Amino acid sequence: MKKSDEFKVAVISLTATNDRPKNIDNALALVTAAAREGAQWVQLPEMWAFMGPYPRLYEMAEPQDGPLNEQLAALAKKLNIVLFAGSVGERPADGESTDGYGPEDHRKVYNTSFVFSRSGEMIAKYRKVHLFNLLGEQGQPTHKESDGFLQGGAITAVLIDGLKVGMSICYDLRFGEFYSTMEKKFGPVDVIVAPSAFTKHTGLAHWELLLRARAVEFQSYVYAANQVGRHSEGKESYGRGMVVDPWGVVLADTGDSAGVALASIDPNKITAVRTKLPALTNRRVELYR
């Protein structure tokens, strides 16, 4: 595929629970359905394989070379797609982490996004940098990812089908500096990827706003699958996985239920927007330090 070719992408929305085998079967069926509809890139949401209590995260996670990634690689090859495998729990290598245990003496894992090529090769890996914390009305945490997850420590971008793709996960969307630093390190990115399990409460106010803001700010496509519905008591995701173009137009939206939404990415539109409104080159970076 040439860099200038328009192509179809899919975002998948689903409701993961603590039933890992069922989650995996459901996700792989939706990936297959998206490919059959002509999607060349398919994206799963954040933590799609297991959404359950933190003390079980390590048990439900795998190392990078575990059987789940082998299954995902084989599926990408079979369907001839680029598979953005959302994110899953990744067990750290022995001795890798110095902050490896949570408050109930359970082992923590990384929240990791893997990408597989059409040949089944793992071509990118990103560990979530920003861990989500949300306080309730009484000041007690309703979400405290640092109790279950380890922080990633690297910013990642990868070249796929001639497009520079910047990797992120969910809460990263709130940090413009993260993407600015990504751009300084790798140059302007053409597609920002953000698999998510954005909560219903915060999603109502901020989900579409943040996706469109990042698209406009960096004049790139934003490609963001999101979980939907009630996972367990007190945990519910907003849905509305989206593809947003570099002008900030929403091209696809999964809505309020599980399923697949498709859109086309046109590399020529990135060039057209950046030429028409050269905001990336008009910045006064010497004043921003």
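The coordinates are above.
What you are looking at is a predicted structure, and each value in this text was computed from that prediction instead of being measured. (Residues numbered from 1 in each chain as written. Predicted model: local features only at pLDDT ≥ 70, side-chain atom pairs only at ≥ 80, totals over all residues. Heavy atoms only, no water.)

Q: Talk me through the overall build of the chain; I want residue IDs and the actual numbers.
A: Within the chain one finds seven helices and 18 strands. What you see for the chain is a C-alpha radius of gyration of 18 Å, in line with the 19 Å of a compact globule of 289 residues. By principal-axis analysis of the C-alpha atoms, the chain measures approximately 55 × 45 × 40 Å. Out of the 289 residues in the chain, the part that is buried amounts to 55%. Taking the intrachain contacts of the chain between residues at least 6 apart in sequence as the baseline, contacts between residues at least 24 apart amount to 72%. Total accessible area on the chain stands at roughly 13000 Å², and carbon and sulfur atoms take up 50% of it. Counting 33 positive and 34 negative side-chain charges, the chain places the centres of these two groups 4 Å from one another. (Helix = DSSP H or I, 4+ residues; strand = E, 2+ residues; numbered from the N terminus. Rg over C-alpha atoms; globule rule 2.2 N^0.38 Å. Buried < 20%, exposed > 50% of the residue type's maximum accessible area, 1.4 Å probe, protein only. Contact = heavy atoms within 4.5 Å. Areas by Shrake-Rupley, 256 points an atom, 1.4 Å probe, with all protein chains shown as cover. Lys, Arg positive; Asp, Glu negative; His and termini not counted. Charge placed at Lys NZ, Arg CZ, Asp CG, Glu CD.)

Q: Go over the packing of aromatic side chains with me, naming the residues and quoting the values.
A: Counted under the stated rule, the structure contains 11 aromatic pairs. When the centroid spacing of 5.2 Å and the interplanar angle of 50 degrees are considered together, the rings of W41 and F84 count as tilted. Highlighted residues: W41 in strand β2 (residues 41–43) and F84 in strand β3 (residues 82–84), separated in sequence by 43 residues. Residue classification places W41 among the buried residues on the basis of a relative accessible area of 0%. On the accessibility criterion, F84 (1% relative accessible area) is buried. Between F178 and Y179, the aromatic rings sit 5.0 Å apart at their centres with planes inclined by 85 degrees, giving edge-to-face as the arrangement. By the burial criterion, F178 is buried, and Y179 matches it. Above the plane of the ring of Y110 lies R127, whose end atom (NZ or CZ) is 3.7 Å from the centre. (Phe/Tyr/Trp six-rings, centres within 6.5 Å; stacked < 30°, edge-to-face > 60°. Lys NZ or Arg CZ within 6 Å of the ring centre and 35° of its normal.)

Q: I'd love a proper account of the sheet that holds strand β16 (residues 242–244), names of residues and values included.
A: In sheet architecture, strand pairing relies on hydrogen bonds along the backbone and comes in two forms, parallel and antiparallel. Read from one edge of the open sheet, six strands run β10-β11-β12-β13-β16-β17, paired in mixed fashion. Each having just a single partner strand, β10 (157–160) and β17 (250–253) make up the two edges of the open sheet. Adjacent strand axes in the sheet meet at a mean angle of 20 degrees when their direction is disregarded. Looking at chain direction, strand β13 (residues 221–224) and β16 are connected through three bridges and run antiparallel. From the neighbouring strand, Y223 faces β16, where its bridge partner is V243. Seen against the sheet, helix α5 (residues 200–218) touches β12 (191–193), β13, β16 and β17 and runs at an angle of roughly 30 degrees to β16. (Pairing = 2+ DSSP bridges. Axes fitted to C-alpha atoms, helices over the stretch in contact; angles between N-to-C directions.)

Q: Report on the side chain of K128, specifying residues and quantitative values.
A: Counting through the fold element by element, K128 comes out in the loop between β6 (122–127) and β7 (133–135). In this structure K128 comes out as buried when scored by relative accessible area, which is 1%. Excluding its chain neighbours within four sequence positions, the residues that come into contact with K128 are E46, N111, E145, L150, Q151, G152, I169, C170, Y171 and D172.

Q: Tell me about the pairing of strand β18 (residues 259–265), residues and numbers included.
A: Of the two faces of β18, the one holding G259, A261, A263 and I265 is buried and the one holding V260, L262 and S264 is not buried anywhere. Here seven bridges tie strand β1 (residues 7–13) to β18, and the two strands are oriented antiparallel to one another. Residue pairing in the sheet places K8 in a bridge with S264 of β18.

Q: Give me the nonpolar core: which residues, what numbers.
A: Of all hydrophobic cores here, the largest spans 47 residues; its most connected members are W41, F84, V191 and Y223. With five residues, α5 is the single largest residue contributor to this core. Discounting chain neighbours no more than four positions away, the residues touching V191 are W41, L163, K164, V165, G166, S220, Y221, Y223 and I265. I24, V31, A34 and L83 belong to the second-largest nonpolar core, a separate cluster that totals 39 residues. (Core = buried A, V, L, I, M, F, W, Y, C linked by side-chain atoms within 4.5 Å.)

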